[in-house]
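Observations on the model geometry
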Amino acid sequence: MNKKFKKILMDVDAVIERDPATGSRIEALLCSAGLQAIIAYRATHALWKRDFKLTARILSQIARFLTGVEIHPGARIGKGFFIDHGMGVVIGETTEIGDNVTLYHGVTLGGSTVFSNKGKNTSKRHPTIGNNVIIGAGAQILGPINIGNDVKVGANAVVLKDVASGNTVVGVPAHNVEKHKEPSGFMAYGVCPADKDPIECKLEQLQKEITALKKQNSEKKQSAPHSEK
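Here we summarise the structure given alongside this text. (Residues numbered from 1 in each chain as written. Predicted model: local features only at pLDDT ≥ 70, side-chain atom pairs only at ≥ 80, totals over all residues. Heavy atoms only, no water.)

Before going further, it helps to examine the overall build of the chain. In terms of regular secondary structure, the chain is built from five helices and 17 strands. When contacts within the chain are restricted to residue pairs at least 6 apart in sequence, those whose partners lie at least 24 apart make up 36%. Roughly 13500 Å² of accessible area belongs to the chain as shown, and the carbon and sulfur atoms make up 57% of that amount. (Helix = DSSP H or I, 4+ residues; strand = E, 2+ residues; numbered from the N terminus. Contact = heavy atoms within 4.5 Å. Areas by Shrake-Rupley, 256 points an atom, 1.4 Å probe, with all protein chains shown as cover.)

So, in structure tokens, the structure goes:
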């Protein structure tokens, strides 16, 4: 089997495996805008590597118009890639994505372009994503940072620094959560209800302390003798 066709077939099967609303390859091909965008990317990337860059960019723009997903043909994406829902996803030119990665709608894998007297930076400026990564809806991963294998990025997180393999990050800016026992298998949207945000835990503890102090202060006022008139 042709390697390119096999890679596309793995993309199709990734939709069936990770999207409970899709039951067959035909349904995935006809109804998954994310899959359609990935197939278009595979074609435009092949053109890009053969130096038909303008043609690749034009076809990429057409795919963006039809699917709502913008993938620069210069990006490098591994097998088993899945974009769920798709609308609003942006993947920049120097992005590198490993195998079996899942993105949800509104995700940006964006670049940090610095302009100087020597002109704009055209070198590596987008993220590198490892294998088996899940990136939740609306997350922004910005700059030439590294996201390790088996990382989960929560919805609407803004990731500006490297994330080590196996971690789950949430928040703005993104920070690690305290991981507890998680269910095995694919985890939709990348966040387990058992995971605890340490900042949220600290705020909850602070709220408890404030409540306790208010109660203690109230009790002192009630027990204090009334001043004589």
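We are not done yet, so read on.
To continue, consider a nonpolar patch on the surface. A cluster of nonpolar side chains, namely Leu54, Ile58, Leu59, Ile62, Phe65 and Leu66, defines an oily patch on the protein surface of about 680 Å² accessible area. Mapped onto the secondary structure, Ile58 falls in helix 4 (residues 53–67). Residue Ile58 is classed as partly exposed on the basis of its relative accessible area, which comes to 46%. (Patch = residues over 30% accessible without salt bridge, like charges linked within 9 Å, V, L, I, M, F, W, Y side chains within 5 Å. Salt bridge = Lys/Arg side-chain N within 4 Å of Asp/Glu carboxyl O. Buried < 20%, exposed > 50% of the residue type's maximum accessible area, 1.4 Å probe, protein only.)

Glancing now at the sheet that holds strand 12 (residues 140–142). Spatially, the five strands line up as an open sheet ordered 1-4-7-12-15, and their pairing is parallel. One side of each edge strand has no neighbouring strand; the edge strands of this open sheet are strand 1 (70–71) and strand 15 (158–159). Pairing between strand 1 and strand 4 (residues 90–91): two bridges, direction parallel. Residue Glu70 lies in a different strand from strand 4, and its bridge partner there is Val90. (Pairing = 2+ DSSP bridges.)

This part covers the nonpolar core. With 29 residues, the main nonpolar core has Ile91, Leu103 and Ile135 as its most contacted residues. The element best represented in this core is helix 3 (residues 33–49), accounting for three residues. Contact partners of Ile135, with chain neighbours within four places excluded, come to Thr102, Leu103, Tyr104, Val107, Leu109, Ile129, Ile141 and Val153. With six residues, the next largest nonpolar core counts Ala14, Ala28, Leu35 and Phe82 among its residues. (Core = buried A, V, L, I, M, F, W, Y, C linked by side-chain atoms within 4.5 Å.)

To continue, consider unusual backbone geometry. The step from Val172 to Pro173 runs through a cis peptide bond, and the omega angle for that step is -10°. Here Pro173 lies in the loop between strand 16 (168–170) and strand 17 (175–176). A positive phi is found at Asp150, a non-glycine position, where the angle reads about 60°. Along the chain, Asp150 turns up in the loop between strand 13 (146–147) and strand 14 (152–153). Phi is positive for Asn156, close to 65°, though the residue is something other than glycine. With respect to the helices and strands, the residue Asn156 is situated in the loop between strand 14 and strand 15.

Time to look at the side chain of Thr102. Relative to the helices and strands, Thr102 is located in strand 6 (residues 102–103). Looking at Thr102, its side chain comes within polar contact range of the side chain of Arg18, at 2.8 Å. Contact partners of Thr102, with chain neighbours within four places excluded, come to Arg18, Phe82, Val133, Ile134, Ile135 and Phe186. (Polar contact = N/O pair within 3.5 Å; in protein donor to acceptor, adjacent residues only side chain to side chain.)

As enumerated under the stated definition, the model contains six salt bridges in all. Close ionic contact of Glu96 with Arg76 constitutes a salt bridge, the shortest N to O distance being 2.8 Å. With Glu96 in strand 5 (residues 96–97) and Arg76 in strand 2 (residues 76–77), this pair connects stretches of sequence that are 20 residues apart. Given a relative accessible area of 25%, Glu96 falls into the partly exposed group. The network of salt bridges with common partners includes Arg76, Glu96 and Lys124.

Bringing the packing of helix 1 (residues 3–18) against helix 3 into the picture now. It is the contact of helix 1 with helix 3, at a shortest axis distance of 10 Å, that shows an interaxial angle of 160°. The angle between helix 1 and helix 3 falls in the class roughly antiparallel. Note on packing geometry: the crossing formed by helix 1 with helix 3 is right-handed. Across the interface between the two elements, Lys4, Lys7, Ile8, Asp11, Val12 and Val15 of helix 1 pack against Leu35, Ile38, Ile39, Arg42 and Ala46 of helix 3. (Axes fitted to C-alpha atoms, helices over the stretch in contact; angles between N-to-C directions. Parallel < 35°, antiparallel > 145°, perpendicular 65-115°, else oblique. Left-handed = near helix turned anticlockwise from the far one by under 90°.)

The geometry of helix 3 relative to helix 4 is characterised by a closest axis approach of 8 Å and an angle of 175° between their N-to-C directions. Compared by their axis directions, helix 3 and helix 4 come out roughly antiparallel. Touching Ala33, Gln36, Ala37, Ala40, Thr44, Leu47 and Trp48 of helix 3 are Lys53, Thr55, Ala56, Arg57, Leu59, Ser60, Ala63 and Thr67, all from helix 4. Partitioning the contact of helix 3 with helix 4 into residue classes produces eight nonpolar, five polar and two charged. (Nonpolar A, V, L, I, M, F, W, Y, C, P; charged D, E, K, R; others polar.)

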